[in-house]
Amino acid sequence: MTGPHTLIEGGQIATASGVTRGDLLISGERIAAIGSGDWSAERTIDASGCYVLPGGIDVHTHFADPADFGPSKADDFVTGTTGAAFGGTTTIIDFAKRRGTESFYDAYQRRVKQAEAQCLVDYSFHAMATSSGLADGGLDDLRRLAQDGVTSWKFFMAYPGRMMVDDTTILTAMHAAAELGVMIMVHAENGAMVADETKRLVRSGRTEEHAHHFAHPHLAEAEATNRAIALGEFAECPLYVVHVSSQHAAKRIGAARARGSRVWGETCPQYLFAAYEDYEQIGYDAVKYICSPPIRERSNQDELWRALSSDVLSTVGTDHATFCVEDSEELPSGKSRGRGYFPDIPNGVPGIEERLMLMYEGGVAAGRFGLERLVDVVSTTPAKLFGLFPRKGTIAVGSDADLVVWDPNAEHVISATTHHVRVDYTLYEGRTVSGRPRYVLSRGELIVDKDDLLARPGRGRYLNRSEVMAG
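Residues numbered from 1 in each chain as written. Predicted model: local features only at pLDDT ≥ 70, side-chain atom pairs only at ≥ 80, totals over all residues. Heavy atoms only, no water.

Looking at the nonpolar core
For step 1, the next point in the chain: Ranked by size, the top nonpolar core spans 113 residues in total, and within it Leu142, Trp153, Phe155, Ile184, Leu239, Leu308 and Met359 carry the most contacts.
For step 2, the next point in the chain: In terms of residue count, helix α5 (residues 167-180) provides more of this core than any other element does, seven residues in total.
For step 3, the next point in the chain: Apart from the residues lying within four places of it in its own chain, the contact partners of Met359 are Leu272, Phe273, Trp305, Leu308, Val316, Val364, Phe369, Leu374 and Val378.
For step 4, the next point in the chain: Residues Ile57, Val59, Met163 and Leu463 belong to the second largest nonpolar core, which totals 18 residues. (Core = buried A, V, L, I, M, F, W, Y, C linked by side-chain atoms within 4.5 Å. Buried < 20%, exposed > 50% of the residue type's maximum accessible area, 1.4 Å probe, protein only. Helix = DSSP H or I, 4+ residues; strand = E, 2+ residues; numbered from the N terminus. Contact = heavy atoms within 4.5 Å.)

Overview of α5
For step 1, the next point in the chain: With 14 residues, α5 extends 20 Å between its outermost C-alpha atoms, agreeing within 8% with the 20 Å of an ideal straight helix rising 1.5 Å per residue.
For step 2, the next point in the chain: Every buried residue belonging to α5 is among Thr169, Ile170, Leu171, Ala173, Met174, Ala176, Ala177 and Leu180, and all of these are buried.
For step 3, the next point in the chain: Gly181 sits one or two residues past α5 and shows a positive phi near 75°. (Expected span 1.5 Å × (residues − 1).)

Description of the layout of surface pockets
For step 1, the next point in the chain: A volume near 390 Å³ is recorded for the largest pocket.
For step 2, the next point in the chain: Together, 19 residues line the largest pocket, and Tyr159, Arg162, Val194, Thr198 and Pro343 are the ones closest to its centre.
For step 3, the next point in the chain: Looking at side-chain class alone, the lining of the largest pocket contains 10 nonpolar, six polar and three charged residues. (1 Å grid on protein atoms, 1.4 Å probe; cavity = no way out; pocket = protein on both sides within 12 Å on 5 of 7 lines; lining within 4 Å. Points joined across faces, edges and corners; volume = space filled by probe spheres on them. Nonpolar A, V, L, I, M, F, W, Y, C, P; charged D, E, K, R; others polar.)

Digging into the packing of aromatic side chains
For step 1, the next point in the chain: What the rule picks out here adds up to 15 aromatic pairs.
For step 2, the next point in the chain: Here Tyr240 and Phe386 contribute two aromatic rings whose centre-to-centre distance is 4.9 Å and whose plane-to-plane angle is 80°, an arrangement assigned as edge-to-face. Within this pair, whereas Tyr240 is found in strand β11 (residues 239-241), its partner Phe386 is found in the loop between α13 (371-385) and β14 (403-407), the two being separated by 146 residues in sequence.
For step 3, the next point in the chain: Aromatic side chains Tyr279 and Tyr289 sit 5.1 Å apart centroid to centroid with 15° between the ring planes, which places their arrangement in the stacked category. Of this pair, Tyr279 sits in helix α10 (residues 276-279) while Tyr289 sits in the loop between α10 and α11 (301-309), and the two are 10 residues apart along the sequence. For the pair Tyr279 and Tyr289, one class covers both residues: buried.
For step 4, the next point in the chain: Among the aromatic residues, ring-to-ring pairing joins Phe63, Phe77, Tyr105, Tyr108, Tyr123, Phe125 and Tyr462 into one connected group.
For step 5, the next point in the chain: Residue placement shows Arg144 over the ring face of Tyr105; its charged tip is 3.6 Å from the ring centre.
For step 6, the next point in the chain: Directly above the ring of Phe95 sits Lys154, whose terminal nitrogen or CZ lies 4.6 Å from the centroid. (Phe/Tyr/Trp six-rings, centres within 6.5 Å; stacked < 30°, edge-to-face > 60°. Lys NZ or Arg CZ within 6 Å of the ring centre and 35° of its normal.)

Thoughts on the packing of α5 against helix α7 (residues 218-235)
The description of two helices packed together rests on the angle between their axes and the distance between the axes.
For step 1, the next point in the chain: Interaxial distance between α5 and α7 falls to 9 Å at its minimum, and their mutual angle equals 40°. Regarding the angle of α5 to α7, the classification is oblique. For the pair α5 and α7, the crossing hand works out as right-handed. On the side of α5, the interface is formed by Asp167, Ile170, Leu171, Met174, His175 and Ala178, while α7 contributes Arg227, Ala228, Leu231, Gly232, Phe234 and Ala235.
For step 2, the next point in the chain: Residues belonging to the contact of α5 with α7 are distributed by class as follows: eight nonpolar, two polar and two charged. (Axes fitted to C-alpha atoms, helices over the stretch in contact; angles between N-to-C directions. Parallel < 35°, antiparallel > 145°, perpendicular 65-115°, else oblique. Left-handed = near helix turned anticlockwise from the far one by under 90°.)

Some thoughts on the pattern of salt bridges
For step 1, the next point in the chain: One pass over the full model with this rule turns up 27 salt bridges.
For step 2, the next point in the chain: Residue Asp278 pairs with Arg298 through a salt bridge whose shortest N-O separation is 2.5 Å. Of the two residues, Asp278 is situated in helix α10 and Arg298 in the loop between α10 and α11; the sequence distance between them amounts to 20 residues.
For step 3, the next point in the chain: Judged by its relative accessible area of 26%, Asp278 is partly exposed.
For step 4, the next point in the chain: A relative accessible area of 39% means that Arg298 is categorised as partly exposed.
For step 5, the next point in the chain: Across the salt bridge formed by Glu445 and Arg459, the nearest N and O atoms sit 2.8 Å from each other. Here Glu445, found in strand β18 (residues 445-449), pairs with Arg459, found in the segment after β19 (452-453); they are 14 residues apart in sequence, far enough to count as distant. (Salt bridge = Lys/Arg side-chain N within 4 Å of Asp/Glu carboxyl O.)

Take it as geometry only, folks, not as evidence of what the structure does.
Right, here's the structure in full:
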């Protein structure tokens, strides 16, 4: 390996398998040596008193993408990956969704071109599949994408008439995915149940913002999760359930994992740190919390934390999808389009910049799990599941030098006035966390130096991914 050398010295190196004291030598874009030695480097980074973590991997983001029935997201790839960098996330996987009659393959090419000019960190895409797109050669498109390193396809079990696919469609795709080593991802809510409950609430005049919570019952998520698991077991296909919000869905995943099924669940910070009680009585401002599945009751949180700590749930993504609360000339028609009528509220909340800080605070600092588990859920397991390991997701000789020098004593107050994403709020306003990134490196390049951004849009690199690695 050639290129400029960087030495990170004096820190504790944390991976999913342990924490050890040692130095890191970086040559060019990759890690050249770990431990100690008589190493010379053009640049030295002092990590004394800090942990050195592998860069975070967020496999669930929605940047620069219009909502299915509403406005564009507040964050494009520039602002979104800027927030990612400041939060210690050095890789994102977003989605390639069709527009109109566009093919899956054309949608993917368009999204790659869009991200190529804007991303500050490395990136890849999942194919977002719809029933209409699978007709007329859509499955052939997905097969072609798999050959190009798009080894994950997402399906919706919710949103009838827009995105929802039937079981036959999912099963057909699962058979192909099992053959190709592709991960099937599902948004697991029973769309018929949600639509029926939404109609009932509207008929009864319950259209206020927070009523969105009641339109998405636990049972709808649990049923769809259980059905997706059964389909995956039948097709012998790996399955990834995105944004698990209900303890009842988590229990279905836990039971399947206990019997050896290749199923993994993802949860998100909003389900672990926010609760329905936070937005039940705040009127219009409840729009800040609206996402699907919903942010549920506070009594649900402890079970999700236990599931995450015990590997019933295996990863933490963000589902970062941002719409501004207040209209402006620059970003009109955000959350306000659903004022007083929850079915019209664009779904989505921010979280990519806060993810590692929140998970360190709520997991490690709170004593729920150790640093190794934090690394596992935000970096290592995402890398293994989505074909990036060991290039990403660990600290090893030959791996990309995607690294976070984490200061566990850098107290920080989360606020929309200081974050770097474009949206005008955060769910965690005023929350104090005890740790944050001091330095962030992506492929050996220092991209964040404390409060300074050193990276430029377009430096991120597209990642061609391999098959699922986790067993």
